[in-house]
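# Breakdown of the fold
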Amino acid sequence: MKAKAGVGIADGARVLLVSTNRERQPYPVVPNGLACVASALDAAGHRVRFVDLCFARDPVATVREAAHIFRPDIIGVSVRNIDNSDAIALRHYTPEAREVLHALRAASPDAKVVAGGAAFGVAPEALFRELGVDYAVAGDGERASVALIDALCSGSPIESLPGLVRARDGRVVFTPPGEDADLDALPSPALHRWIDLPRYQRHGATVPIQTKRGCVYKCVYCTYRNVEGWGYRTRNPELVADEIEELNRKAGVHHFDFVDSTFNSPPGHAVQVCETITRRKLGVQLDTTNFTPATASPELLAAMKAAGFRTLGITAESASDPVLEKLEKGFTVAKVREVAERVEKHGIKTLWIFLLGGPGETPRTVEETLAFARWRLERGDAVYLTVGLRIYPGTTLHRIAIAEGVVPANSTLLDPAFYFSSELQFEPTVARLKRFAADHPRFMFSADSRSVVLPFLTRAASVLRLPRPHWQYMGLFQRVARAIG
């Protein structure tokens, strides 16, 4: 029986879940969010088929075949990103998602189509119109998806469901998600049940773990508060360790990546997570590229080192005080330097992550950031820098961009728009970065990650079982890529 409004499905719906993200540069990203939804729907009594298109040779043929065989009542499509947020080597993902959706519609014309993913937390109404789905969910996908599909199965009203996007009287209506839901009440994601983790690891990916959702920082460009809400909802450290232990035991995973908005905030919870992993002697390697310089005490770094951190990505974004102030990062360059020295003393190698071209950026502030980068490169760290800031709806940067005439007030921003300081000239700035990169192989700016050679080098590192994260070999990778290019 097909799922239609007011028509019941007594024994649960057949739900086909499709992850549309096919980006593999510089490495593929495990579809953690959709796996969480799959486990939640399975626990709620629905029959779930998971289709991951990341490595599919023909994504349209793959979903068409899956739909014909499974005959779904509900189709759930995950859209991770609208684009790659790269002003130099832009790639727009929405057309690919639309093509997959059209194929699914044709193969299962009676099925209801529900879309979700992080992209819908960023621009729910605009994406709903763009993709032409029946419903979309934002916020905690596990709760919103289960509530919606349960309602569709029973014929119950859906109007007041939190996190739901739907059409009503020719308008798109979005009911905001709740932000105080208990994460510990959710089923374990059980990534190994739904996803070919070894294949992802062979292509350089690390396996994601989430210890919390939400954020308390006010970075002007960031969408985390739109996607996960204001404030922190933390998981019980024992449950985090349980998830790591299960993946280690059942799937042979040894390297985990914490994908929280900021792993080290609140610092007390991060310490508890690390101490729990250490006490349980899990013997795993840990990493995160979401570490803020705002809070990095010796106690926290010692706990991280004991738990299994050998490397770390720090999102400094700039090494110039005027830019940090405009970005509302909540720390100063002096703090960033203090954290750099402290992390080095704890024996943790760092990938420094910067955004260049934001409000307040000038040629002088660019040189300040490059001077810091040079210092850290000489100390054995690596640097990754993005040029231009992607403008997302509802952010402070969006309001700044409207006020400065960078984008019109009525733009949906589905067509990517970027903020680049009027105090800079784009081409000369990129040329300056290329000269800097030529002298420092462990310096990579975003366009370098689009090299066609890089995925092969990353996979070779995986085959050779070189320790992750593979950014540690950025110098070698860059030399090879530039020699071939």
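Residues numbered from 1 in each chain as written. Predicted model: local features only at pLDDT ≥ 70, side-chain atom pairs only at ≥ 80, totals over all residues. Heavy atoms only, no water.

## A word on the overall build of the protein chain
Tallying secondary structure elements over the protein chain gives 19 helices and 18 strands in all. For the protein chain, buried positions account for 57% of its 485 residues. In the protein chain, of all internal contacts separated by at least 6 residues, the share reaching a separation of at least 24 is 74%. (Helix = DSSP H or I, 4+ residues; strand = E, 2+ residues; numbered from the N terminus. Buried < 20%, exposed > 50% of the residue type's maximum accessible area, 1.4 Å probe, protein only. Contact = heavy atoms within 4.5 Å.)

## Description of the pairing of strand β3 (residues 74-78)
Counting buried positions over the 5 residues of β3 gives 5, a clear majority of the element. Every second residue of β3 is oriented toward a common face, with I74, G76 and S78 on one face and I75 and V77 on the other, all of them buried. As paired strands, strand β1 (residues 14-19) and β3 are joined by 5 bridges and run parallel to one another. Residue S19 lies in a different strand from β3, and its bridge partner there is S78. Note: β3 against strand β4 (residues 112-116), 5 bridges, orientation parallel. Each residue of the ladder has a partner; that of S78, found in β4, is G116. Once you follow β3 into helix α3 (residues 94-107) and on to β4, the crossover reads as right-handed. (Pairing = 2+ DSSP bridges. Right-handed = clockwise from strand over helix to strand, strands pointing away.)

## Some points on the pairing of strand β13 (residues 311-317)
Counting buried residues in β13 gives 7 out of 7 residues, a clear majority hidden from the surface. Residues T311, G313, T315 and E317 point to one face of β13 and L312, I314 and A316 to the other, with burial holding for every one of them.

## Here we look at the pattern of salt bridges
Here the idea is simple: oppositely charged side chains can pair when their charged atoms come close. Going through the model one piece at a time under the given rule, you end up with 26 salt bridges. Between K335 and E338 there is a salt bridge, and its shortest N-O distance comes to 3.7 Å. Of this pair, K335 and E338 both sit in helix α14 (residues 333-345), 3 residues apart, which is roughly one turn of the helix. The partly exposed category is assigned to K335, whose relative accessible area is 22%. Owing to a relative accessible area of 33%, E338 belongs among the partly exposed residues under this scheme. Within the structure, one salt-bridge network assembled from shared partners comprises D140, E142, R143, R213 and R233. (Salt bridge = Lys/Arg side-chain N within 4 Å of Asp/Glu carboxyl O.)

## Digging into the sheet that holds strand β15 (residues 382-387)
On the basis of which strands lie adjacent, the open sheet formed by 4 strands has the order β13-β14-β15-β18 and parallel pairing. Of all strands in the sheet, those with a lone pairing partner are β13 and β18 (443-445), marking the two edges. For this sheet the average axis-to-axis angle between neighbouring strands, irrespective of direction, equals 20°. Judged from the 6 bridges that link them, β13 and strand β14 (residues 349-356) form a sheet pairing that is parallel. Bridging from a neighbouring strand, G313 pairs with L351 of β14. Sheet strands touched by helix α17 (residues 426-439): β14, β15 and β18. Its angle to β18, the strand with the most contacts, is close to 155°. (Axes fitted to C-alpha atoms, helices over the stretch in contact; angles between N-to-C directions.)

## Things to note about the nonpolar core
F258 and F443 are the most contacted members of the largest nonpolar core, which has 90 residues in total. Considering each element in turn, this core owes the most residues, 7 residues, to helix α6 (residues 141-154). If we ignore the near neighbours within four places in the chain, the residues touching F258 are I209, T211, V240, I244, F263, V273, I277, L286, D287, T288, N290 and F309. The next biggest cluster of nonpolar side chains, apart from the first, holds 38 residues, and it includes A67, F70, V100 and A107. (Core = buried A, V, L, I, M, F, W, Y, C linked by side-chain atoms within 4.5 Å.)

## So, the packing of aromatic side chains
Applying the stated rule across the entire model yields 10 aromatic pairs. Pairing F263 with F309 gives two aromatic rings, centres 5.4 Å apart and planes at 40°, and the pair type is tilted. Pair noted here: F263 is in the loop between β11 (255-258) and α11 (267-279) and F309 is in the loop between α12 (298-307) and β13, with a separation of 46 residues, a long-range link. Connected via pairs of aromatic rings, a cluster forms that spans W352, F354, F372 and W375. Of note, R376 hangs over the ring of W375, and the distance from its end group to the ring centre comes to 4.5 Å. (Phe/Tyr/Trp six-rings, centres within 6.5 Å; stacked < 30°, edge-to-face > 60°. Lys NZ or Arg CZ within 6 Å of the ring centre and 35° of its normal.)

## Comments concerning helix α1 (residues 32-43)
An α-helical segment advances 3.6 residues per turn. Residues three or four places apart therefore align on the same side. Between the first and last C-alpha of α1 there are 17 Å, a value that for 12 residues agrees with the 16 Å anticipated at 1.5 Å per step. For α1, the buried fraction is high: 9 of the 12 residues fall into the buried class. Within α1 the residues assigned to the buried category are N32, L34, A35, C36, V37, A38, S39, A40 and L41. Where α1 terminates, the next one or two residues include G45, which has phi positive at roughly 95°. (Expected span 1.5 Å × (residues − 1).)

## Here we look at the confidence of the model for the protein chain
Taken as a whole, the protein chain shows an average pLDDT of 89; of its residues, 89% reach a score of 70 or greater. Counting contacts from residues 1-8, a segment whose pLDDT is below 50, to residues more than four positions away or on other chains yields 25 contacts. (pLDDT = per-residue confidence, 0-100.)

## Considering the environment of G231
Looking at where G231 falls in the secondary structure, it is placed in the loop between α9 (224-228) and β10 (233-234). Taking the C-alpha atoms as reference points, G231 and R213, separated by 18 residues in sequence, lie 8.2 Å from one another. If sequence neighbours within four positions are ignored, G231 has contacts with R213, G214, C215 and V216.

## A word on the packing of α14 against helix α15 (residues 363-378)
Contact geometry for α14 and α15: axes closest at 12 Å, N-to-C directions at 10°. It follows that α14 is roughly parallel to α15 by the angle criterion. Listed contacts from α15 to V336, R337, A340, E341 and E344 of α14 are F372, W375 and R376. By residue class, the composition of the contact of α14 with α15 is 4 nonpolar, no polar and 4 charged. (Parallel < 35°, antiparallel > 145°, perpendicular 65-115°, else oblique. Nonpolar A, V, L, I, M, F, W, Y, C, P; charged D, E, K, R; others polar.)

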